[in-house]
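What follows is the residue order along each chain.
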Amino acid sequence: MGRSGGARAAKDAEFLELVSGHTGRLYRSACLLTGGDTHGAEDLVQEALGRMYVVWRRRAWTGGRHRVDNPGAYAHTVMVRVFLAQKRRRSSDERPTDRLPESAGHEADGALRLTLLDALGGLSVQDRAVLVLRYWEDRSVEETAEVLRLSSGAVRTRTSRALARLRGRLGDSLAELTAR
């Protein structure tokens with residue numbers, strides 16, 4: 001194997017390590033972003049990792065000008081941006097479904113999950129992305145602003161309004177589901 005072939009194999013091995021270490025977390029975030037659409041979440045993760053791989057092969061990720069200190073966080077950033085771009089391009093004839101696939105789990109947890117996914121699905125794409133980044137991925141206001149290309153003030157405002165809408169949609173049903 002030539003010198004460039006060895007470097008390419010090393011880059012591929014690094015990428016596979018990233019994928020194996022972060023795919024589960026990416027998928028869980030994608031499920032929240034897509035409102036529980038597991039197939040859409042799988043597609044979203046695959047699209048994000050595919051885009052990362054193209055760039056990964058061209059750049060030196062471990063040093064130099066294009067250094068990325070946290071490739072896992074970068075993968076989440078790419079995924080959220082792919083999600084937002086897909087929603088902006090969405091065809092007007094596509095319609096989301098209210099049916100979710102059956103899943104194993106506790107009945108109360110399942111009902112709570114479905115209630116939360118339904119409530120998240122009722123929010124705008126941008127509001128849903130803000131809440132997932134802030135509370136599911138535990139990102140700071142500044143990190144969320146960078147990912148979504150918004151100002152910190154816009155993220156704070158969106159967060160506040162999205163939480164108010166979420167509380168309005170959930171009403172007393174969340175308290176009933178968590179009391180079980």
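Just above sits the structure.
Residues numbered from 1 in each chain as written. Predicted model: local features only at pLDDT ≥ 70, side-chain atom pairs only at ≥ 80, totals over all residues. Heavy atoms only, no water.

### Let's talk about the pattern of salt bridges
Moving on, step 1. Enumeration according to the criterion identifies five salt bridges in this entry.
Moving on, step 2. For arginine 158, the salt bridge identified is with aspartate 127, shortest N-O distance 2.6 Å. Placement of the pair is arginine 158 in helix α7 (residues 152-170) and aspartate 127 in helix α5 (residues 125-136), with a sequence separation of 31 residues.
Moving on, step 3. Judged by relative accessible area, aspartate 127 falls into the buried class, the value being 3%.
Moving on, step 4. Two residues, arginine 165 and aspartate 127, come together in a salt bridge whose shortest N-O distance is 2.6 Å. Taken together, the residues arginine 165 in helix α7 and aspartate 127 in helix α5 connect sequence positions 38 residues apart.
Moving on, step 5. Here arginine 165 falls in the partly exposed class, since its relative accessible area comes to 42%.
Moving on, step 6. Salt bridges here are not isolated pairs; linked through shared partners, they connect Asp127, Arg158 and Arg165. (Salt bridge = Lys/Arg side-chain N within 4 Å of Asp/Glu carboxyl O. Helix = DSSP H or I, 4+ residues; strand = E, 2+ residues; numbered from the N terminus. Buried < 20%, exposed > 50% of the residue type's maximum accessible area, 1.4 Å probe, protein only.)

### Quick notes on α5
Moving on, step 1. Here α5 spans 15 Å end to end across twelve residues, near enough to the 16 Å set by a 1.5 Å rise per residue.
Moving on, step 2. Directly after α5, the chain includes aspartate 138, whose backbone phi takes a positive value near 55 degrees. (Expected span 1.5 Å × (residues − 1).)

### Looking at the nonpolar core
Moving on, step 1. Counting 39 residues, the largest nonpolar core has Leu33, Met79, Val80 and Leu148 as its most contacted members.
Moving on, step 2. Looking at this core, the elements that each hand over two or more residues are α1 (3-33), α2 (38-58), α3 (71-89), α4 (107-121), α5, α6 (141-148) and α7.
Moving on, step 3. Ignoring sequence-local partners within four residues, the contact set of valine 80 consists of Leu33, Ala129, Leu133, Val147 and Leu148. (Core = buried A, V, L, I, M, F, W, Y, C linked by side-chain atoms within 4.5 Å. Contact = heavy atoms within 4.5 Å.)

### What about the packing of aromatic side chains?
Moving on, step 1. One pass over the structure, following the stated rule, counts one aromatic pair.
Moving on, step 2. When the ring centre of tyrosine 135 is taken as origin, the NZ or CZ atom of arginine 134, which lies over that ring, is 5.5 Å away. (Phe/Tyr/Trp six-rings, centres within 6.5 Å; stacked < 30°, edge-to-face > 60°. Lys NZ or Arg CZ within 6 Å of the ring centre and 35° of its normal.)

### Details of the side chain of glutamine 126
Moving on, step 1. Within the secondary structure layout, glutamine 126 lies in helix α5.
Moving on, step 2. Overall, the relative accessible area of 18% leaves glutamine 126 in the buried class.
Moving on, step 3. When neighbours within four sequence positions are excluded, glutamine 126 is seen to be in contact with Leu84, Leu148, Leu150 and Arg158.

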